[in-house]
Amino acid sequence: MARRAFLGVDCGTQSTKALLVDAETLAPLAVGRAAHALISREDGTREQHPTWWIDALQVAVREALAEAGPVEVAGIGVSGQQHGMVCLDAEDRPLRPAKLWNDTSTAADCAWLTRKLGGHNAVLGLIGNTMLPGYTAPKISWFHRSEPALYNQTARICLPHDYLNLWLTGSFVTEPGDASGTAYFEPKGRTYQPAVLGLLDGSRDWARTLPPILPSLSQIGALRPAAAEALGLRAGIPVSGGGGDNACAAIGIGATRPGPTVVSLGTSGTVFAHMATPGLDPQGEVAAFCDSTDGWLPLVCTLGCTVASEWVRGLFGLSHAGMEVALVRTEPGTGPVFLPHLEGERTPDLPAAAGLFAGLRTAHTPNHLVRSVLEGVTFGLAYGLDALKRTGVEPTAITLVGGGSASNGWAQLCADIFELPVQRPAVTEAAALGAALQARWVVDDAPAPTPQSAAIWEPRPSEALVAARERASELRTLAAERGL
């Protein structure tokens, strides 16, 4: 007899994952994966073609179904990388590769939009956020300015997870969590911001261009026959609103109520927590996002997290086990100080910044450099955690997720640098799980449960790490002042 299951899809930067979970026990039944290519250029361009995501989706879902055995999929939820600009023609075909969340080629457009909207404080007042290169609004500005012919052929613009939902259901909609990262959406009022859209293009009919906003906890449509055939599923399966990857990860680990503070060690590093009211940062470093359960999710993002760890791992030809050995064999704070701005930085807002080692000595070994990179990334997240506190979040412990969280040494390093207990939940693929749980929430009216922690690390006081964190802060300030 086929088991009843929910399907969660996570379309990330590096790959698409498809996770099947048992409808009753929530035990993972199977996971399928398919990698994505990346278009990368020296000017900060980071792009992927939306058709690659569809190809990967089909491979990942069919792989999961083959592994799981007989299942009856009762609902589908989709998580996606945020901020990406997907441009569609009149027949909903992508006109160009999507510019991604970590694309920094739009820095000049951010400066122009901020100036035209009245400056930093005026932008904060309009959208509750600052204008950052990763957001979607400056991408549209760049597109309008750089590729006017293609721009004029564009009938509709949406986000990556919206595009997957469109392919699955035929419904062109979005939800507040992912829309929060566009910079033309006002999270407090959960509406598009006409002043920003008018500045982007005063002659465009934005009501026809952008997807209508539906509540996250709603059924946006049903799996259409052509998509069902491509995936090996039955037509008519309900599809929920889905959301951005961090908002879905919050559902996956139970951060759908005030309390847990989450740090994600993924391609980017993020720090976030659920709030019942909008989490506004007076300095604008914390993104004032909605979550994908009709609450709010103040969030800080750093651009280089496992990007940096994988860079240094490849540099020295280490396995992941070798990275663990490097941490064990070096003392905290004994290597040079590292700024992880290998591809610019988002928090603080330094899109043109570069990576930097300071204090390098001949006595330093590859192990020291590995530790320095992981310490530098974690110091950056600690900066974000300090910013998150300005919104009213009062962390007493950290829930660690993302690919980097599999490292016990890095988990201990997080506890030491954050000076807080760190717990790692038993769940894997938090964003895909959250998407599946959101679908279950919508179809079965069953809110996400609170998962159990699989391991806990307590902080170890270290004067060397305190000194290294202070030095990292000084270097961050220097980078901002001198444009390093």
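That block above? That's the structure.
Residues numbered from 1 in each chain as written. Predicted model: local features only at pLDDT ≥ 70, side-chain atom pairs only at ≥ 80, totals over all residues. Heavy atoms only, no water.

Quick word on the overall build of the protein chain
A tally of regular secondary structure across the protein chain gives 17 helices and 22 strands. For a compact globule of 484 residues, the expected C-alpha radius of gyration is about 23 Å, and the protein chain comes in at 21 Å, within 12% of that figure. Taken along its principal axes, the extent of the C-alpha atoms in the protein chain is 65 × 60 × 40 Å. Within the span of the protein chain, comprising 484 residues, buried residues form 61% of the whole. Of the contacts formed within the protein chain by residues at least 6 apart in sequence, a portion of 73% connects residues at least 24 apart. A total accessible area of about 18000 Å² is found for the protein chain, and carbon and sulfur atoms account for 53% of it. For the protein chain, the distance from the average position of its 36 positive side-chain charges to the average position of its 47 negative side-chain charges is 2 Å. (Helix = DSSP H or I, 4+ residues; strand = E, 2+ residues; numbered from the N terminus. Rg over C-alpha atoms; globule rule 2.2 N^0.38 Å. Buried < 20%, exposed > 50% of the residue type's maximum accessible area, 1.4 Å probe, protein only. Contact = heavy atoms within 4.5 Å. Areas by Shrake-Rupley, 256 points an atom, 1.4 Å probe, with all protein chains shown as cover. Lys, Arg positive; Asp, Glu negative; His and termini not counted. Charge placed at Lys NZ, Arg CZ, Asp CG, Glu CD.)

Concerning the sheet that holds strand S4 (residues 39-40)
The three strands lie next to each other as S4-S5-S8, forming an open sheet whose pairing is antiparallel. A strand with exactly one partner marks an edge of an open sheet, and here the two such strands are S4 and strand S8 (98-99). For strand S5 (residues 46-48) and S8, the ladder comprises two bridges, and the chain directions are antiparallel. Opposite glutamine 48, over in S8, you have alanine 98 as the bridge partner. Lying on the sheet, helix H1 (residues 50-68) is in contact with S4, S5 and S8; it crosses S5 at an angle near 55°. (Pairing = 2+ DSSP bridges. Axes fitted to C-alpha atoms, helices over the stretch in contact; angles between N-to-C directions.)

Here we look at the environment of threonine 154
Within the secondary structure, threonine 154 sits in the loop between helix H5 (148-153) and strand S9 (156-158). Expressed as a C-alpha distance, the spacing of threonine 154 and cysteine 87, which sit 67 residues apart in the sequence, is 6.0 Å. With residues near it in sequence (within four places) discarded, threonine 154 still touches Cys87, Leu88, Leu95, Phe143 and Arg204.

Quick word on the packing of aromatic side chains
Counted under the stated rule, the structure contains six aromatic pairs. An angle of 75° between the planes, with centres 5.7 Å apart, marks the rings of phenylalanine 143 and tyrosine 151 as edge-to-face. With respect to burial, phenylalanine 143 and tyrosine 151 carry one shared label: buried. Summarising the aromatic geometry, the rings of phenylalanine 338 and phenylalanine 357 are spaced 4.7 Å apart at their centres and angled 40° between planes, so their arrangement reads as tilted. Separated by 19 residues along the polypeptide, phenylalanine 338 in strand S18 (residues 337-339) and phenylalanine 357 in strand S19 (residues 356-358) bring together distant segments of the chain. Residue phenylalanine 357 is classed as partly exposed on the basis of its relative accessible area, which comes to 26%. Linked through ring pairs, Tyr184, Phe185 and Tyr192 together constitute an aromatic cluster. The ring of tryptophan 142 is capped by lysine 99, whose NZ or CZ atom sits 3.9 Å from the centre of that ring. In this arrangement the basic side chain of arginine 204 is found over the ring face of tryptophan 206, its NZ or CZ atom lying 5.8 Å from the centre. (Phe/Tyr/Trp six-rings, centres within 6.5 Å; stacked < 30°, edge-to-face > 60°. Lys NZ or Arg CZ within 6 Å of the ring centre and 35° of its normal.)

Looking at the nonpolar core
In terms of nonpolar packing, the biggest core is built from 47 residues, with Val263, Leu265, Trp410 and Phe418 touching the most fellow members. Per-element accounting of this core gives the leading share, 10 residues, to helix H14 (residues 366-389). (Core = buried A, V, L, I, M, F, W, Y, C linked by side-chain atoms within 4.5 Å.)

Focus on the pairing of strand S3 (residues 28-35)
As paired strands, strand S2 (residues 15-22) and S3 are joined by seven bridges and run antiparallel to one another. Each bridged residue has a counterpart across the sheet, and for threonine 16 the counterpart in S3 is alanine 34.

Digging into helix H11 (residues 245-252)
Working note: α-helix, 3.6 residues per turn, so residues spaced by three or four point in the same direction. Counting buried residues along H11, seven of its eight residues qualify, which places the element largely inside the surrounding structure. Looking at H11, one finds that the buried residues are Asn246, Ala247, Cys248, Ala249, Ala250, Ile251 and Gly252. Next to the buried residues of H11 lie strand S6 (71-80), strand S14 (243-244), strand S15 (261-265), strand S16 (269-273), strand S17 (299-302) and helix H16 (430-444).

Details of the packing of H14 against helix H15 (residues 408-418)
Closest axis-to-axis distance for the H14/H15 pair is 10 Å, and the angle between their directions is 45°. Judged on the interaxial angle alone, H15 and H14 are oblique. In terms of crossing hand, the pair formed by H14 and H15 is right-handed. On H15, the residues touching Arg371, Leu374, Glu375, Val377, Thr378, Phe379, Leu381, Ala382 and Leu385 of H14 are Trp410, Leu413, Cys414, Ile417 and Phe418. (Parallel < 35°, antiparallel > 145°, perpendicular 65-115°, else oblique. Left-handed = near helix turned anticlockwise from the far one by under 90°.)

Quick word on the pairing of S15
Here S15 lies mainly inside the structure; five of its five residues are buried. Inspection of the sheet shows S15 paired to S16 by five bridges, in the antiparallel sense. The residue bridging leucine 265 from the neighbouring strand is glycine 269, located in S16. Turn length for the S15-S16 hairpin, with the two strands adjacent in sequence and antiparallel, is three residues.

Description of the side chain of serine 171
Residue placement: serine 171 occurs in the loop between helix H6 (160-169) and helix H7 (176-179). When its relative accessible area of 18% is taken as the criterion, serine 171 is described as buried. Here isoleucine 220 takes part through its backbone oxygen, which lies 3.0 Å from a polar atom of the side chain of serine 171. The residues contacting serine 171, other than those within four sequence positions of it, are Asn165, Leu166, Ile220 and Gly221. (Polar contact = N/O pair within 3.5 Å; in protein donor to acceptor, adjacent residues only side chain to side chain.)

What about the packing of helix H12 (residues 306-315) against H14?
Across the interface, H12 lies against H14 with an axial gap of 9 Å and an inter-helix angle of 175°. By the angle between their axes, H12 is roughly antiparallel relative to H14. Contacts between H12 and H14 involve Ala308, Ser309, Trp311 and Val312 on the former and, on the latter, Leu369, Val370, Val373, Leu374 and Val377. Looking at the contact of H12 with H14, its residues break down into eight nonpolar, one polar and no charged. (Nonpolar A, V, L, I, M, F, W, Y, C, P; charged D, E, K, R; others polar.)

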